[in-house]
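Next come the chains, spelled out residue by residue.
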Amino acid sequence: MAEKQLRRSLSVLPMSTVMTLTGLTARQIRYYESQALVHPVRNEGNRRRYSLQDVDRLLEVKDGLASGMDFATLRRLFNQSAQIRKQTTTSLSDQQARQYLEPEMQQLAGMKPPVPGLWRHL
DNA sequence: ATTCTGACA
DNA sequence: TGTCAGAA
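Residues numbered from 1 in each chain as written. Chains lettered and ligands numbered in written order. Predicted model: local features only at pLDDT ≥ 70, side-chain atom pairs only at ≥ 80, totals over all residues. Heavy atoms only, no water.

- Chain A goes by MerR family transcriptional regulator in an unreviewed UniProt entry, where it is assigned to Furfurilactobacillus curtus.

## A look at the pattern of salt bridges
- For the structure shown, the criterion picks out three salt bridges.
- One salt bridge in this structure joins arginine 8 and aspartate 56, with 2.1 Å as the shortest N-O distance. Here the residue arginine 8 occupies a position in helix α1 (residues 2-8), and aspartate 56 occupies one in helix α4 (residues 52-66), the gap between them amounting to 48 residues.
- For aspartate 56, a relative accessible area of 35% puts it in the partly exposed group.
- Residues arginine 48 and glutamate 33 are paired through a salt bridge, measuring 2.8 Å at the closest nitrogen-oxygen approach. In this pair, arginine 48 is assigned in strand β2 (residues 48-49) and glutamate 33 in helix α3 (residues 26-34), connecting sequence segments 15 residues apart. Judged on exposure class, the residue arginine 48 and its partner glutamate 33 are both buried. (Salt bridge = Lys/Arg side-chain N within 4 Å of Asp/Glu carboxyl O. Helix = DSSP H or I, 4+ residues; strand = E, 2+ residues; numbered from the N terminus. Buried < 20%, exposed > 50% of the residue type's maximum accessible area, 1.4 Å probe, protein only.)

## Observations concerning the protein's contact with DNA strand B
- With respect to spatial proximity, the complete set of residues near DNA strand B consists of Met15, Ser16, Arg30, Arg42, Asn46, Arg47 and Arg48.
- Taking the atoms of DNA strand B that fall within 4 Å of the protein, sugar and phosphate contribute 77% of them.
- Note that a phosphate oxygen of DNA strand B is positioned 3.0 Å from one of the side-chain N or O atoms of serine 16.
- In this structure, asparagine 46 approaches DNA strand B through a side-chain N or O atom, which is 3.5 Å from a sugar or linking oxygen.
- Its residues assigned to classes, the surface near DNA strand B comprises one nonpolar, two polar and four charged. (Near = heavy atom within 4 Å. Polar contact = N/O pair within 3.5 Å; in protein donor to acceptor, adjacent residues only side chain to side chain. Nonpolar A, V, L, I, M, F, W, Y, C, P; charged D, E, K, R; others polar.)

## With respect to the packing of aromatic side chains
- This model, assessed by the stated rule, comprises three aromatic pairs.
- Plain terms: the ring middles of tyrosine 31 and tyrosine 32 are 6.5 Å apart, the flat faces sit at 55 degrees to each other, and that makes the pair tilted.
- Tyrosine 31 gets classed as partly exposed once you look at its relative accessible area, which sits at 37%.
- Taking relative accessible area as the criterion, tyrosine 32 reaches 7% and is therefore assigned buried.
- An aromatic cluster is built from Tyr31, Tyr32 and Phe71, whose rings are joined through pairwise contacts.
- The ring of phenylalanine 78 is capped by arginine 57, whose NZ or CZ atom sits 4.2 Å from the centre of that ring. (Phe/Tyr/Trp six-rings, centres within 6.5 Å; stacked < 30°, edge-to-face > 60°. Lys NZ or Arg CZ within 6 Å of the ring centre and 35° of its normal.)

Below, the structure written as structure tokens:
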């Protein structure tokens, strides 16, 4: 299972591929990066290279924006998911994680996940 | 040919 | 967010 994640994290996709996979324009993809929502790697020629994980994140950003979320909210959401993944793999009980995110969960309680399983970690 | 940055008639 | 220019 670690092998799969490793590959999904490899940044090898060019802008053109990400554009067709996400349905977003290069402009939007670069702008979202400026908003710290994705962090593509640059190759020797200063070209951006995205991973499958980046594509997944871009898809979440796309639907998140579509359901009225702003960049700050998405940014916090992603940071929190990252936090939980770390803590969870560092032995923090799921109960403690939910308690820690109580405020956000209250807000998200009302809305429906734009993408099936977007709040999966919450 | 493709992507990057900066700028805005 | 689109789009165009000039460079890589």
